[in-house]
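# A structural walkthrough
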Amino acid sequence: QVKVVESGGGLVHAGESLKLSCAASGFRLDSFVTGWFRQAQGKEHEGVSCSGLSDGPTAYTAPVKGRFTIARDITNNMVYLQMNSLKPEDTGVYYCVPASPHGTVQEMCDHPHLWPLGEWGEGTQVTVAS
């Protein structure tokens, strides 16, 4: 019953935008740190953006800083990732993952091993063409 469902991915061209959604059920998102991670084919997971227990702080990894924005809707138990100015290197499967806090949000976002990757949703595919 405890699960997340990601949606909103698709095929876009470089420079365009997408908004990803994560619907949580069986738990309250505001009881956890929440992160977006992505995995390109044949590569390891990498952190994208993370949100703390409260309305702030938020964190972004270097490749997406200034282009992506994370937001949480506590009332509806949703988390979003607005992705602007997309690049081909943003291509991958994007996952929404909750976790208990271990250090700062930025530290957690920079270290995927701190998260229970592979234990939650199926992810949503984002493909950015040149």
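Residues numbered from 1 in each chain as written. Predicted model: local features only at pLDDT ≥ 70, side-chain atom pairs only at ≥ 80, totals over all residues. Heavy atoms only, no water.

Further remarks concern unusual backbone geometry. We note that Asn77 has phi near 55°; this positive angle belongs to a residue other than glycine. On the secondary structure map, Asn77 appears in the loop between strand E7 (68-73) and strand E8 (78-83). With phi around 50°, Ser85 is a residue other than glycine that occupies positive phi space. (Helix = DSSP H or I, 4+ residues; strand = E, 2+ residues; numbered from the N terminus.)

Turning our eyes to something else, we now look at the pairing of strand E4 (residues 33-39). For E4, a buried count of six out of seven residues is recorded, marking the element as mostly surrounded by other parts of the structure. Here seven bridges tie E4 to strand E9 (residues 92-99), and the two strands are oriented antiparallel to one another. For Gln39, the partnering residue across the bridge sits in E9 and is Val93. Examined bridge by bridge, E4 and strand E5 (residues 46-51) share five bridges and lie antiparallel to one another. (Buried < 20%, exposed > 50% of the residue type's maximum accessible area, 1.4 Å probe, protein only. Pairing = 2+ DSSP bridges.)

The next thing to look at is the state of the cysteines. A complete count under the given rule lists two disulfides for this structure. Disulfide pairing places Cys22 opposite Cys96 at an S-S distance of 2.2 Å. For the disulfide bridge between Cys22 and Cys96, the dihedral angle about the S-S bond is near -75°, and by the sign convention the bridge is left-handed. Taken together, the residues span a long stretch of sequence, with Cys22 in strand E3 (residues 18-25) and Cys96 in strand E9 at a distance of 74 residues. (Disulfide = S-S within 2.5 Å.)

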